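Remarks on the overall topology
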Amino acid sequence: MERWVYGSLWALFAGSLLLRLARSQLLPTRALLHLGLLALLQHLCQACLPLPLGAPLTAAGCLALGRAAQRRRLPVAGKAVFITGCDSGFGKQAARHLDSMGFKVFASVLDLESAGAKELRQSCSPSLTLLQMDLTKPDDIRKAQQLVQPQTASTGLWGLVNNAGFDDTIADAELSPLCKFRTCMDVNFFGTLELTKALLPLLRSSRGRIVTVSSPAGDMPYPCLAAYGASKAALTLLMDTFRSELEPWGVKVSVILPGYFKTGTSCDPAYWHEKKEQLLASLPTDLLQAYGEEYIHEINKQFVKFMKIANEDLSLVVNSIADALISTTPAPRYYPGRGMRLIYFIHHYLPSVIRDLFLKAFFINQKLPRALQPKHQNGLKQE
Ligand SMILES: NC(=O)C1=CN([C@@H]2O[C@H](COP(=O)(O)OP(=O)(O)OC[C@H]3O[C@@H](n4cnc5c(N)ncnc54)[C@H](O)[C@@H]3O)[C@@H](O)[C@H]2O)C=CC1
Ligand SMILES: C[C@]12CC(=O)[C@H]3[C@@H](CCC4=CC(=O)CC[C@@]43C)[C@@H]1CC[C@@H]2C(=O)CO
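Keep in mind it's a predicted model, so treat the numbers as computed, not measured.

Glancing now at the sheet that holds strand β1 (residues 80-83). Ordered in space as β3-β2-β1-β4-β5-β6-β7, the 7 strands form an open sheet in which the pairing is parallel. The two strands at the open ends of the sheet, each matched to only one other strand, are β3 (129-132) and β7 (333-334). Across 4 bridges, the pairing between strand β4 (residues 159-162) and strand β5 (residues 209-213) is parallel. Its bridge partner lying in β5, Gly-159 is registered against Arg-209. Contacts between helix α7 (residues 178-205) and the sheet are confined to β1, β4 and β5, with β4 contributing the most and set at about 170 degrees to the helix.

Shown next as structure tokens:
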């Protein structure tokens, strides 16, 4: 009897864990997971249940998992979606893709004359509306809300895709100017929060969707990304809170956590060279003395080399955005991109010392600051 109780409890625990992992999008393939789960259930039933119930229970498991695995999609007709950051990158490609799917797209851009805005104007259907909006300007957000509201009064606004984001500093937190922390927070957190609050009444009336593109840098300490990562950490937590609080209203919230992709200026060496020079010119002398110019050149070199191998297939992210908008069961998290499952597995299950070493080996591994180098050590001792 005891064996039977333990076996059943173990089967329930293992089954719930594997199902949670399946829904989290963290595992390589659903089929692999389902086979593993069914083999486990079959074994446990045979080992623990007094009667030959293995086969019928396993068959029931197949049916249940098959239904869970089916991700049904909602009809697109009549659904309006507001997307931010469509000048380039994921936002531009998502606007074009959602327009081709039949959504009524409101594509906001920083600059209506940007190459991306012109491309969307030329390549998308007449139902796509381009509008200029700077997330750091409350007046722009108010005008955007006033444009969208009358055009969605009958249908409500089905989706908000918070895609716009900013970072232009790749340096240790101590070397990152405070104004960079503020700009990242202003765009990535406060601007996104203000827009979301402005459009929430429309989203609640349609029991629609909020899809926010955050970053794994908000979940784990990527070296030299403190300003950006802190703003994304705040954003991700905000969206998790929205997901819980908006559940009674029928509004579903998903967070997209992409890997590293070639978008906008993310892999433009000339852009990052200019940002490095601006940073060097802005640093106080004592800080520059302590770290040394070479330290900052090395970070920039490692970063530019890393982005050379960034993913070029933006459709991985765009498809996650689309799924979060029209799946009947959107996932709370999407992890599109090479190696993201491994990175999150390490983050969730390995000790912090291993996690930190992995991120340094994977992304940027700073050299010793000038003041800590043996040939400069005597300078420190005298001070
Ligand atoms: N490229 C990558 O490897 C990754 C990007 N992300 C996130 O993906 C999102 C999209 O970025 P990407 O397409 O990669 O880069 P991107 O630079 O091509 O696009 C960023 C967009 O945000 C807009 N934007 C910037 N500041 C703005 C402001 N103040 N107001 C309104 N819009 C503003 C830009 O005009 C641009 O359209 C961002 O939230 C970014 O943090 C997350 C993980 C990885
Ligand atoms: C900061 C930025 C976007 C990111 O989130 C990535 C970063 C390059 C290193 C990364 C590797 C990952 O595995 C996750 C994503 C990320 C932290 C990108 C460099 C420029 C990108 C940017 O500026 C976004 O606005």
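What follows picks up the thread again.
Turning our eyes to something else, we now look at the site of ligand 2. Contacts to ligand 2 come from 17 residues, most closely from Asp-167, Ser-215, Tyr-222, Tyr-228 and Phe-303. Ser-215 places a side-chain nitrogen or oxygen 2.7 Å from an oxygen atom of ligand 2. Relative to its free-state accessible area of 500 Å², ligand 2 is covered by the protein chains to the extent of 88%. Take the shell around ligand 2: its biggest share by element is 3 residues, from helix α11 (residues 293-308). In terms of residue class, the shell around ligand 2 is built from 12 nonpolar, 4 polar and 1 charged.

For the rest of this paragraph, the subject is a nonpolar patch on the surface. Together, Phe-345, Tyr-349, Leu-350, Val-353, Ile-354 and Leu-357 give the surface a local cluster of nonpolar side chains, amounting to about 580 Å² of exposed area. Only α13 (340-349) and α14 (352-362) provide two or more residues apiece to the nonpolar patch. If you tally residues by element for the nonpolar patch, the top one is α14, at 3 residues. Structurally, the position occupied by Leu-350 is in the loop between α13 and α14.

Time to look at the site of ligand 1. Taken together, the neighbourhood of ligand 1 is formed by 26 residues, with Ser-88, Asn-163, Tyr-228, Phe-261 and Thr-263 sitting nearest. Ser-88 is positioned with one of its side-chain polar atoms (N or O) 2.7 Å from an oxygen atom of ligand 1. The separation between an oxygen atom of ligand 1 and a polar side-chain atom of Tyr-228 is 2.6 Å. Here ligand 1, which alone exposes 820 Å², has 87% of that area covered by the protein. In this structure, ligand 1 is accommodated by the largest pocket. Secondary-structure elements contributing two or more residues to the shell around ligand 1 are α4 (89-101) and α8 (226-246).

This part covers the nonpolar core. If you look at the biggest cluster of nonpolar residues, it comprises 63 residues, and the most contacted ones within it are Phe-82 and Tyr-222. With 8 residues, α7 is the single largest residue contributor to this core. Residue contacts for Phe-82: discarding those within four places in its chain leaves Phe-106, Ser-108, Leu-131, Met-133, Ala-144, Val-148, Leu-157, Gly-159, Leu-160, Val-161, Leu-195 and Leu-199. Within the second largest apolar cluster, 33 residues are counted, among which are Leu-130, Trp-158, Phe-261 and Ile-326.

Below, the discussion takes up the packing of α4 against helix α12 (residues 315-326). Any two packed helices are characterised by how steeply their axes cross, that is the angle between the axes, and by the distance between the axes. Running from N to C, α4 and α12 cross one another at 50 degrees; their axes reach a closest spacing of 9 Å. Classified by the interaxial angle, the pair formed by α4 and α12 is oblique. In the crossing of α4 with α12, the sense of the turn from one axis to the other is right-handed. Here Phe-90, Gln-93, Ala-94, His-97, Leu-98 and Met-101 of α4 lie close against α12, whose contacting residues are Ser-315, Val-317, Val-318, Asn-319, Ile-321, Ala-322, Leu-325 and Ile-326.

Another point: the state of the cysteines. A disulfide bridge is the covalent bond that connects two cysteines by way of their sulfur atoms. Tallying each qualifying case throughout the model produces 0 disulfides. For Cys-124, which is in no disulfide, the shortest distance to another cysteine sulfur is to Cys-86 and amounts to 9.2 Å. Cys-124 gets classed as buried once you look at its relative accessible area, which sits at 13%.

Time to look at α11. If you check α11, its first and last C-alpha atoms are 23 Å apart, about what 16 residues at 1.5 Å a residue would give, namely 22 Å. Along α11, the residues that are buried comprise Tyr-295, Ile-296, Glu-298, Ile-299, Asn-300, Gln-302, Phe-303, Val-304, Phe-306 and Met-307. If you follow the buried residues of α11, they end up packed against α9 (269-282), α10 (285-291) and α14.

Across the 5 residues of β5, 5 count as buried, placing the element largely inside the fold. After leaving β4, the chain enters α7 and then returns to the sheet as β5, a path that is right-handed. For β5 and strand β6 (residues 252-256), the ladder comprises 5 bridges, and the chain directions are parallel. For Arg-209, the partnering residue across the bridge sits in β6 and is Lys-252.

Time to look at empty space enclosed by the protein. Vacant regions in the atomic arrangement are exposed by a probe of water-molecule size rolled over the atoms. If you walk through the whole model with that rule in mind, you get 1 cavity of 30 Å³ or more. Forming the boundary of the largest cavity are Met-220, Pro-221, Ile-343, Ile-346, His-347, Arg-355, Phe-358 and Leu-359. Split into classes, the residues belonging to the lining of the largest cavity amount to 6 nonpolar, 1 polar and 1 charged.

Moving on, we come to the pairing of β1. Of the two faces of β1, the one lined by Ala-80 and Phe-82 and the one lined by Val-81 and Ile-83 are each fully buried. Pairing of β1 with strand β2 (residues 104-109), which is carried by 4 bridges, proceeds in the parallel orientation. The residue bridging Ile-83 from the neighbouring strand is Ala-107, located in β2. Sheet topology note: the β1/β4 ladder contains 3 bridges and is parallel. Looking across to β4, one finds that Ile-83 is bridged to Val-161.

Conventions we followed
- Residues numbered from 1 in each chain as written.
- Chains lettered and ligands numbered in written order.
- Predicted model: local features only at pLDDT ≥ 70, side-chain atom pairs only at ≥ 80, totals over all residues.
- Heavy atoms only, no water.
- Pairing = 2+ DSSP bridges.
- Helix = DSSP H or I, 4+ residues; strand = E, 2+ residues; numbered from the N terminus.
- Contact = heavy atoms within 4.5 Å.
- Axes fitted to C-alpha atoms, helices over the stretch in contact; angles between N-to-C directions.
- Near = heavy atom within 4 Å.
- Polar contact = N/O pair within 3.5 Å; in protein donor to acceptor, adjacent residues only side chain to side chain.
- Areas by Shrake-Rupley, 256 points an atom, 1.4 Å probe, with all protein chains shown as cover.
- Nonpolar A, V, L, I, M, F, W, Y, C, P; charged D, E, K, R; others polar.
- Patch = residues over 30% accessible without salt bridge, like charges linked within 9 Å, V, L, I, M, F, W, Y side chains within 5 Å.
- Salt bridge = Lys/Arg side-chain N within 4 Å of Asp/Glu carboxyl O.
- 1 Å grid on protein atoms, 1.4 Å probe; cavity = no way out; pocket = protein on both sides within 12 Å on 5 of 7 lines; lining within 4 Å.
- Sits in = over half its atoms within 2 Å of the grid points.
- Core = buried A, V, L, I, M, F, W, Y, C linked by side-chain atoms within 4.5 Å.
- Buried < 20%, exposed > 50% of the residue type's maximum accessible area, 1.4 Å probe, protein only.
- Parallel < 35°, antiparallel > 145°, perpendicular 65-115°, else oblique.
- Left-handed = near helix turned anticlockwise from the far one by under 90°.
- Disulfide = S-S within 2.5 Å.
- Expected span 1.5 Å × (residues − 1).
- Right-handed = clockwise from strand over helix to strand, strands pointing away.
- Points joined across faces, edges and corners; volume = space filled by probe spheres on them.

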